[in-house]
Amino acid sequence: MSALLQPLRSWLFDPAPLHSLVLLRIGLGSVLFLDYLFRWPLVDKLYGPDGYAGYGYFERFPESGSVGWPLVSGFDYLQHVPSEAAIWALYLALLVSSLGFALGVWPRVTGTLALVLHVLFLSRNPGASWGWGTMIKPFMLYAILASTGRQASALVWLRRRLGAVIPEAPWRASAWPLRLVQVHAACVFLVFWSRIDEGS
């Protein structure tokens, strides 16, 4: 049995290039940062307590349930936040953490924070993000799990400029985060093509 599983074990855990995962980290972090940045003038209307289905709505209609999609409505905590300042603080934290993730600044910390905040804002107003807001979540998780903290990192670059001696990071690591991306992407395309064949 061990011999039969060896090819699978090698495929999952042998070192593989990190370039695609680094690009994924930079790309997803940049998309998240830019998309939310462009919503700056609409934050109060999209996510604020007096905006779309916010705290004020539930004050007027306390019997109403969540207005979110079933897929994300379990995280609709921001709908019940009465403070505009708190919404803005979380929004700014999302901008900072998503930019930090893209730049490789403690990416597991900044990426996790950005992902959690994105889920909260997505649940607050799912229509503001449409489909990409849901699809980006698992791929962000895979990029967070990957060992890309020192590759193409603005923090490492800055520390070197300040005189710190930091050895070059290897561009190969255990393949399992990359395999998660590949398997997930393959499943997405399979579902897409099956729906085309069905004419839906």
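Since this is a predicted model, take the numbers as computed values, not measurements.

Asks: When you look at the overall build of the protein chain in this model, what are you seeing that I'm missing?
Replies: When helices and strands are counted, the protein chain shows nine helices and two strands. Listing every helix and strand of the protein chain by position from the N terminus yields α-β-α-α-α-α-α-α-α-β-α. The contacts in the protein chain between residues at least 6 apart in sequence include a share of 75% that link residues at least 24 apart. Only carbon and sulfur atoms are counted for the fraction: they give 71% of the accessible area of the protein chain, which is about 11500 Å².

Asks: Before we go on, may I ask you to explain the environment of Leu78 in this structure?
Replies: Looking at the element boundaries, Leu78 is found in the loop between α4 (55-60) and α5 (84-103). Apart from the residues within four sequence positions on either side, Leu78 is in contact with Ile87, Leu90, Leu120, Phe121 and Arg124.

Asks: Before we go on, may I ask you to explain the packing of aromatic side chains in this structure?
Replies: The description of an aromatic ring pair uses the distance of the two centres, along with the angle that the planes make with each other. Evaluation of the coordinates by the stated rule reveals eight aromatic pairs. Arranged with centres 5.8 Å apart and planes meeting at 70°, the rings of Trp40 and Tyr91 form a pair that is edge-to-face. Remark: Tyr91 occurs in helix α5 and Trp40 occurs in the loop between α2 (19-37) and α3 (43-47); sequence separation between them is 51 residues. Residue class for Tyr91 comes out buried when judged on its relative accessible area of 0%. Where Phe139 meets Tyr142, the ring centres are 5.9 Å apart and the plane angle is 85°; that geometry is what we call edge-to-face. With Phe139 and Tyr142 both in helix α7 (residues 130-145) and three residues apart, the pair spans about one turn of that helix. Each member of the pair, Phe139 as well as Tyr142, is classed as buried. Geometry around Tyr36 places Arg39 over its ring, the cationic atom sitting 4.5 Å from the centre.

Asks: Please clarify how the side chain of Arg39 should be interpreted in this entry.
Replies: Take Arg39: it is sitting in the loop between α2 and α3. If sequence neighbours within four positions are ignored, Arg39 has contacts with Leu46, Tyr47, Tyr91, Ala128, Ser129 and Trp132.

Thresholds applied
Residues numbered from 1 in each chain as written. Predicted model: local features only at pLDDT ≥ 70, side-chain atom pairs only at ≥ 80, totals over all residues. Heavy atoms only, no water. Helix = DSSP H or I, 4+ residues; strand = E, 2+ residues; numbered from the N terminus. Contact = heavy atoms within 4.5 Å. Areas by Shrake-Rupley, 256 points an atom, 1.4 Å probe, with all protein chains shown as cover. Phe/Tyr/Trp six-rings, centres within 6.5 Å; stacked < 30°, edge-to-face > 60°. Buried < 20%, exposed > 50% of the residue type's maximum accessible area, 1.4 Å probe, protein only. Lys NZ or Arg CZ within 6 Å of the ring centre and 35° of its normal.

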